[in-house]
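Descriptive analysis of the structure
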Amino acid sequence: MKLGAFSSSLSVKDIHKSKAFYEHLGFEVFAGDIERKYLIMKNGNALIGLFEGMFENNILTFNPGWDESARPLDEFDDVRTIQKHLKEKGIDLEREADETTKGPASVVLMDPDGNAILIDQHV
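Bear in mind that the values here come from a model prediction, so they are computed numbers and not experimental data.

Attention now moves to the overall build of the protein chain. Counting its regular elements, the protein chain contains 2 helices and 8 strands. The order of helices and strands in the protein chain, counted from the N terminus, is β-α-β-β-β-β-α-β-β-β. In terms of overall size, the protein chain behaves like a compact globule, its C-alpha atoms giving a radius of gyration of 15 Å where 123 residues would be expected to give roughly 14 Å. Taking all 123 residues of the protein chain together, 36% fall into the buried category. A separation threshold of at least 6 residues defines the contact pool for the protein chain, and within that pool the share at least 24 residues apart is 47%. Accessible area for the protein chain stands at about 7,700 Å²; split by element, carbon and sulfur atoms hold 49% of it. Of note, the protein chain has its 14 positive side-chain charges centred 2 Å away from the centre of its 22 negative side-chain charges.

Structure (structure tokens):
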């Protein structure tokens, strides 16, 4: 199963302070809009998302169909294929993709410790 690009989506209290902190660690703004209170920052292949007031806890995020520079991949496992595999393994899903659609969709699940995992396909 190919999950695509990986990033940590962090729930932050002050996006300006968090941006400055991660810039000190060598991250640069890659995407997002600080006025809308979200940024995607990159350091090499490492990606983090900073989100102020959008969700309560941190989330592990995977993007099927994208590499670490948000470039579309020629071959990837569609989120609906991944969802089918997870369901076959008996994994409960918090949110499911509509299996009758194509293109962008997402799935949310929780690991055994309550950590949220977002599989978010944009292509």
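What follows concerns the packing of aromatic side chains. Taken as a whole and judged by the stated rule, the model has 5 aromatic pairs. An angle of 90 degrees between the planes, with centres 5.8 Å apart, marks the rings of Y22 and F27 as edge-to-face. Comparing Y22 with F27 shows no difference in burial state: the two are buried. Where F51 meets F55, the ring centres are 5.2 Å apart and the plane angle is 50 degrees; that geometry is what we call tilted.

For the coordinates displayed, the defined rule picks out 6 salt bridges. Among the ionic pairs, E52 bridges to K37, the shortest N-O distance being 3.4 Å. Here E52, found in strand β4 (residues 46-52), pairs with K37, found in the loop between β2 (28-33) and β3 (38-43); they are 15 residues apart in sequence, far enough to count as distant. Several salt bridges share partner residues, and in doing so they unite K87, E96 and E99 into one network.

It is worth spelling out the sheet that holds strand β1 (residues 5-12) at this point. A sheet is described by the order of its strands in space; here 8 strands give the open sequence β2-β3-β4-β1-β5-β8-β7-β6, paired in mixed fashion. Every other strand in the sheet has two partners, leaving β2 and β6 (93-95) as the edge strands with one partner each. For this sheet, the mean inter-axis angle between neighbouring strands, taken without regard to orientation, is 25 degrees. Across 5 bridges, the pairing between β1 and strand β5 (residues 59-63) is antiparallel. What sits directly across from S9, in β5, is I59.

Turning next to the nonpolar core. By size, the foremost hydrophobic cluster in this structure holds 11 residues: F62, V79, I82, L86, L93, A97, A105, V107, L109, I117 and I119. Apart from the residues lying within four places of it in its own chain, the contact partners of I117 are I59, L60, F62, V107, V108, L109 and D111. Of all hydrophobic cores here, the second largest spans 9 residues; its members include F27, L39, M41 and L50.

A few words on the environment of L50. Among the secondary structure elements, L50 is positioned in strand β4. Sequence-wise, L50 and V12 are 38 residues apart; in three dimensions their C-alpha atoms are separated by 6.3 Å.

So, how was this worked out
Residues numbered from 1 in each chain as written. Predicted model: local features only at pLDDT ≥ 70, side-chain atom pairs only at ≥ 80, totals over all residues. Heavy atoms only, no water. Helix = DSSP H or I, 4+ residues; strand = E, 2+ residues; numbered from the N terminus. Rg over C-alpha atoms; globule rule 2.2 N^0.38 Å. Buried < 20%, exposed > 50% of the residue type's maximum accessible area, 1.4 Å probe, protein only. Contact = heavy atoms within 4.5 Å. Areas by Shrake-Rupley, 256 points an atom, 1.4 Å probe, with all protein chains shown as cover. Lys, Arg positive; Asp, Glu negative; His and termini not counted. Charge placed at Lys NZ, Arg CZ, Asp CG, Glu CD. Phe/Tyr/Trp six-rings, centres within 6.5 Å; stacked < 30°, edge-to-face > 60°. Salt bridge = Lys/Arg side-chain N within 4 Å of Asp/Glu carboxyl O. Pairing = 2+ DSSP bridges. Axes fitted to C-alpha atoms, helices over the stretch in contact; angles between N-to-C directions. Core = buried A, V, L, I, M, F, W, Y, C linked by side-chain atoms within 4.5 Å.

No statement about biological role is implied by the geometric values presented.
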